[in-house]
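Observations on chain architecture
Residue strings, one per chain:
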Amino acid sequence: MDGSVSRKRPWLAAVLGVFATGLGHVYLRRLRRAAGWLVALLGVSFLFVDEAALTALVSDNPVDPLAVAPVVFVGALSVIDAYLVARAHNAVARITATPDGAVTHCPSCGRELDPSIDFCHWCTTDLSELELRPVDAADESDD
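The model shown is predicted, which means the values in this text are computed figures rather than measured ones.

A short note on the UniProt feature "transmembrane region" (unreviewed entry) in the protein chain
Under the feature "transmembrane region" (unreviewed entry), the UniProt entry names residues 12-28, 35-54 and 66-86. The straight-line gap between the two end C-alpha atoms of residues 35-54 is 21 Å; of that span, 90% is helix and 0% is strand. Spanning residues 66-86, this segment combines 86% helix with 0% strand, and its end C-alpha atoms are found 30 Å apart.

Concerning the nonpolar core
Grouped together as the largest cluster of nonpolar side chains are 9 residues: Trp37, Leu41, Val44, Val49, Ala53, Leu54, Val68, Val71 and Val74. Residue assignment for this core shows that the elements contributing at least two residues are helix H3 (31-48), helix H4 (51-58) and helix H5 (69-93). Ignoring any residue separated from it by four or fewer positions in sequence, one finds Val49 in contact with Val44, Leu54, Ala67, Val68, Pro70 and Val71. By size, the runner-up hydrophobic cluster in this structure holds 5 residues, among which are Ala13, Leu28, Val85 and Ala86.

Describing the environment of Leu127
With respect to the secondary-structure elements, Leu127 resides in the loop between H5 and helix H6 (137-141). Between the C-alpha atoms of Leu127 and Ser108, which are 19 residues apart in sequence, the distance is 9.9 Å. Among residues more than four places away in sequence, those in contact with Leu127 are Pro107, Leu113, Asp118, Phe119 and Cys120.

Some points on unusual backbone geometry
With a phi angle near 65°, Asp60 is a residue other than glycine that sits in the positive phi range. Phi at Thr124 is positive, roughly 65°, even though this residue is not glycine. With respect to the element layout, Thr124 can be found in the loop between H5 and H6. Residue classification places Thr124 among the exposed positions, given a relative accessible area of 61%.

Definitions and limits used
- Residues numbered from 1 in each chain as written.
- Predicted model: local features only at pLDDT ≥ 70, side-chain atom pairs only at ≥ 80, totals over all residues.
- Heavy atoms only, no water.
- UniProt positions renumbered as here; feature names shortened; annotations may be inferred.
- Helix = DSSP H or I, 4+ residues; strand = E, 2+ residues; numbered from the N terminus.
- Core = buried A, V, L, I, M, F, W, Y, C linked by side-chain atoms within 4.5 Å.
- Buried < 20%, exposed > 50% of the residue type's maximum accessible area, 1.4 Å probe, protein only.
- Contact = heavy atoms within 4.5 Å.

See the structure below:
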């Protein structure tokens, strides 16, 4: 194995998240995060949505949009999160070094690094054992 990180399509993660809450995270292989979004959706639906509105929604009857707004809100947040997680994943896949071997951006949070220390001063990620891979021109263009 060459140690490279596979790239994900953020738009696909978002579209899958629209079809089912957590499905975009499953595509990204973030199963615990997908389960967390499902638990959040179920919790919000039981705590903040009337049972009659849920029954009407499931049975395909007309529903007051404000009655199911909390469920839609959590679903929308899940879609946004899946998109952002995929973008962050791709940012980590693009991490390269300068010609002298110094890392310029953190592979975890993506922020610029201080070259005099061997950890990210933003998120405390240890950079001492970081393996870098070169970025191909094809990798740069397929967002």
